[in-house]
Amino acid sequence: MAEMSDNNLAKTTVTQQAIASCCGAIITSLFVTPLDVIKTRLQAQSNPFYKGKCFVYSNGLMDHICVCDNGDSKAWYKKPGHFKGMLDAFVKITQREGVKSLWSGLPPTLIMALPTTVIYFTCYDQLSEALKSRLGKDDEHIPILAGSLSRFGSVTVVSPLELIRTRMQYRKFSYKQLYLCVSSKVASDGWLSLWRGWSSTVLRDVPFSAMYWYNYEHFKKILCKELGTHETTFFIAFASGAASGSIASVITLPFDVVKTHRQTELWECETLKSAEGQYIDLGSYEENCR
């Protein structure tokens, strides 16, 4: 029976893995985004967002740095509201602004998050299969290697795109202006300048993925053994994912705090300099913030 299950898994194509990853990503974002929208609205209530202030927006798939518009903006995170807590905010936002407001800001972030998630999970599946054929399917190092490498690759691919997205959001560049800005930066400082902030993201995401996948596969085996089944059920997958995700999140929390502070600090520094009329390019703002 176990052999049959493994064979069925091996027959899963790359396209099927990508589609499954995409569907899972959309479902996750639909469930998690309302919680982050409420969190952001509560933060804005206690500490109003001024022009140029940065905050982290999470759709459950990845974190995005958002730069606040000017004071007259009608952006979703600046809408007035007197909330007493998360439940009160949920009820009032739904009643006054409509249910759709709970997913404010989601569509633009999915442009980045969906490809990243598809790359990440598809690479993990492919690497796992490749490593199993070389090291044996019971080797405990496989989840660690596959998780670390797949996360490293997805972060490396999306890092310059996220940097460009944030810059485009704040400066309101046209595509032509953005192209000229990036081209001049690459010409002066080289391609590596587009990966500013990459190191702090890797230091958080790679250890998280290594711990998550190792614990996930480990808990899955334990639950299958305890329940006397050779196939992974929804309950087993969900329980294993929840437990492993919680453990990895707690352990990597210090790296997450450093990453968030570093990235928001860099962008707030740039917006402050921009407000004073000084041009800061993609590479130099990190130096000016030190």
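The structure presented is a predicted model; accordingly, all values stated were derived computationally and were not measured.

A. Structural view of the overall build of the chain. Tallying secondary structure elements over the chain gives 10 helices and 2 strands in all. Mapped in sequence order, the helices and strands of the chain form the string α-α-β-β-α-α-α-α-α-α-α-α. Evaluated residue by residue, the chain yields a buried proportion of 41% over its 290 residues. Relative to all contacts within the chain whose residues are 6 or more apart in sequence, the contacts with residues 24 or more apart total 69%. Accessible surface, the chain as shown: approximately 16,300 Å² in total, 65% of it carbon and sulfur.

B. Broad picture of the packing of aromatic side chains. Under the defined criterion, the tally for this structure stands at 14 aromatic pairs. Residues Y212 and W213 carry aromatic rings whose centres are separated by 5.1 Å and whose planes lie at 85° to one another, so their mutual orientation is edge-to-face. Considered together, Y212 and W213 belong to a single accessibility category, that of buried residues. By the ring-pair criterion, three or more aromatic residues cluster together here, those being Y120, F121, Y124, F208, Y212, W213 and Y216.

C. Seen up close, the confidence of the model for the chain. Looking at the chain as a whole, the pLDDT averages 80, with 80% of positions reaching at least 70. By mean pLDDT, the top-scoring element of the chain is helix α8 (residues 234-251) (93), and the lowest-scoring one is helix α10 (residues 285-288) (40). Segment residues 1-6 is flagged for pLDDT under 50; beyond a separation of four residues in sequence, or across chains, it makes 6 contacts in the model. Across residues 277-290, where pLDDT falls below 50, the model places 37 contacts with residues more than four positions away in sequence or in other chains.

D. Looking closely at a nonpolar patch on the surface. A grouping of L87, F90 and V91 is seen on the molecular surface, where their side chains present a nonpolar patch of about 280 Å² in accessible area. On the secondary structure map, F90 appears in helix α3 (residues 86-97).

E. Representation of α8 within the structure. In a regular helix each residue adds 1.5 Å, so 18 residues correspond to 26 Å; α8 covers 26 Å between its end C-alpha atoms and thus fits that length. Taken together, the buried residues of α8 touch α7 (198-227).

F. Just the side chain of S148, in detail. Relative to the helices and strands, S148 resides in helix α5 (residues 142-171). Assessed through its relative accessible area of 17%, S148 is described here as buried. A polar contact of 2.8 Å, which involves the side chain of S148, links it to the backbone oxygen of I144. Excluding residues that lie within four positions of it along the chain, S148 makes contacts with V206 and A210.

G. Structural detail: the nonpolar core. F49, F55, Y57, W76 and Y77 are the most contacted members of the largest nonpolar core, which totals 19 residues. Those elements that place two or more of their residues in this core are α2 (14-46), β1 (54-58) and α4 (106-135). Among the elements that line this core, the one with the most residues is α4, at 5 residues. The contact partners of F55, leaving out residues within four places of it in the chain, are T40, F49, H64, I65, C66, C68, W76 and Y77. If you look at the next biggest cluster of nonpolar residues, it comprises 9 residues, including L131, I142, A146 and Y216.

Definitions and cut-offs
- Residues numbered from 1 in each chain as written.
- Predicted model: local features only at pLDDT ≥ 70, side-chain atom pairs only at ≥ 80, totals over all residues.
- Heavy atoms only, no water.
- Helix = DSSP H or I, 4+ residues; strand = E, 2+ residues; numbered from the N terminus.
- Buried < 20%, exposed > 50% of the residue type's maximum accessible area, 1.4 Å probe, protein only.
- Contact = heavy atoms within 4.5 Å.
- Areas by Shrake-Rupley, 256 points an atom, 1.4 Å probe, with all protein chains shown as cover.
- Phe/Tyr/Trp six-rings, centres within 6.5 Å; stacked < 30°, edge-to-face > 60°.
- pLDDT = per-residue confidence, 0-100.
- Patch = residues over 30% accessible without salt bridge, like charges linked within 9 Å, V, L, I, M, F, W, Y side chains within 5 Å.
- Salt bridge = Lys/Arg side-chain N within 4 Å of Asp/Glu carboxyl O.
- Expected span 1.5 Å × (residues − 1).
- Polar contact = N/O pair within 3.5 Å; in protein donor to acceptor, adjacent residues only side chain to side chain.
- Core = buried A, V, L, I, M, F, W, Y, C linked by side-chain atoms within 4.5 Å.

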